[in-house]
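In case you want the letters, here they are:
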Amino acid sequence: MVIVVGSVLAFMASGLSEKISENERFEKQKNILYAMGVNENTPDSGVNFVPTNVVEETFTQEIKKQYVWVNGEIQEDNQAFLIDVKEQLAASKQGGEARLPIFVGEKDGEEIYVLPMYGKGLWDAIWGFMSVDKNMVVQGVYFDHRGETAGLGANIKLRFFMDDFTGESLMEGQSYSGIEVSKTNNDPLNNDKEDNEVDAIAGATITGNGVSAMIKETLKAYRPYLETIRTN
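Residues numbered from 1 in each chain as written. Predicted model: local features only at pLDDT ≥ 70, side-chain atom pairs only at ≥ 80, totals over all residues. Heavy atoms only, no water.

Participant: Could you give an account of the pattern of salt bridges, naming the residues involved and the relevant values?
Facilitator: Applying the stated criterion to the full structure yields 8 salt bridges. Note that E76 is salt-bridged to K65, the shortest N-O span being 3.4 Å. One end of the pair, E76, is in strand β2 (residues 73-76); the other, K65, is in strand β1 (residues 65-70), with 11 residues separating them in the sequence. On the basis of relative accessibility, which here comes to 49%, the residue E76 falls in the partly exposed class. (Salt bridge = Lys/Arg side-chain N within 4 Å of Asp/Glu carboxyl O. Helix = DSSP H or I, 4+ residues; strand = E, 2+ residues; numbered from the N terminus. Buried < 20%, exposed > 50% of the residue type's maximum accessible area, 1.4 Å probe, protein only.)

Following this line, the structure appears as structure tokens:
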């Protein structure tokens, strides 16, 4: 019986592996597009991604170039979105060779650059994508998590939180300061786009700190590349 059940499970896993890979590919493409502002949101809606049945076509249309930044050089790679970002950012942090993916799209006729992120929340991993223009102003973000608390840290993937990042600068003068998720921001409407801060989520301090740290680590890893495109 054990042999029979094992054989059936192995067959099912083999048969589903291609579908699972396809779904993972579509999910990454949706998330990258969302961070660019390519989605089906309406003013009063929640998070609405590009539909699965058109995501691959939309991704090809919206993402003009895919690159990897490695050893101080930019290399074109049309499969860059499949790179394991956790592994590459870890290598970069340890001073090893890293292949860091970069996605280039357009918004209002200007190039925007989408960077993947990976970090640690309260209970487990958090990750996402952030798009910036050549002035290092955020054009959009997407965050996700593996095990943050429902109604608290898990809210990093809701619009009310993610939308606050749009328009914030990653720069403070000539320094890459990132964006702080702050309990003392006192700017609930997020009108101040020059403070490098967004309001924290009540009851989710550690997750918010994880988002702040994730953005800073991303900037640290990508700074050599960003210096080649930054205009201000």
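Participant: Can you tell me about the nonpolar core, naming the residues and giving the values?
Facilitator: Generally speaking, soluble globular proteins have nonpolar side chains that are buried together. Ranked by internal contacts, the top residues of the largest apolar core, which has 59 residues, are F143, F165, L170, I215 and L226. Of the residues forming this core, the biggest block, 9 residues, is contributed by helix α5 (residues 205-229). In this structure I215 touches M117, M130, F165, L170, G178 and I179, once residues within four positions along its chain are discounted. (Core = buried A, V, L, I, M, F, W, Y, C linked by side-chain atoms within 4.5 Å. Contact = heavy atoms within 4.5 Å.)

Participant: Now, about the environment of P224: what can you tell me, with residues and values included?
Facilitator: Structurally, P224 can be placed in helix α5. On the basis of relative accessibility, which here comes to 44%, the residue P224 falls in the partly exposed class.

Participant: An account of helix α3 (residues 85-93) is requested, with residue identities and associated values reported.
Facilitator: Among the residues of α3, those classed as buried are V85, Q88, L89 and A91. Projected onto a plane normal to the axis of α3, the buried residues spread over an arc of 155 degrees and lie on a single side. Against β3 (100-107), β4 (110-120) and α5 lie the buried residues of α3. G95, located one to two residues past α3, shows a positive phi value of around 85 degrees. (Arc of directions from axis to C-beta.)

Participant: Explain unusual backbone geometry to me, using residue names and the numbers behind them.
Facilitator: The backbone of N186 sits at a positive phi, close to 50 degrees, despite the residue not being glycine. Relative to the helices and strands, N186 is located in the loop between β9 (180-182) and β10 (197-199). Phi is positive for N196, close to 60 degrees, though the residue is something other than glycine. For N196, a relative accessible area of 8% puts it in the buried group.

Participant: Just give me the short version of the sheet that holds strand β5 (residues 125-132), but keep the residues and values in it.
Facilitator: Ordered in space as β2-β1-β3-β4-β5-β6, the 6 strands form an open sheet in which the pairing is antiparallel. Of all the strands in the sheet, the pair left with one neighbour each is β2 and β6 (138-145). Each strand of the sheet is rotated relative to its neighbour by a mean of 25 degrees, with strand direction disregarded. As judged from the 5 bridges shared by β1 and β3, these two strands associate in the antiparallel manner. From the neighbouring strand, V68 faces β3, where its bridge partner is P101. Across the sheet, α5 touches β1, β2, β3, β4, β5 and β6, and the angle it forms with β4 is around 135 degrees. (Pairing = 2+ DSSP bridges. Axes fitted to C-alpha atoms, helices over the stretch in contact; angles between N-to-C directions.)

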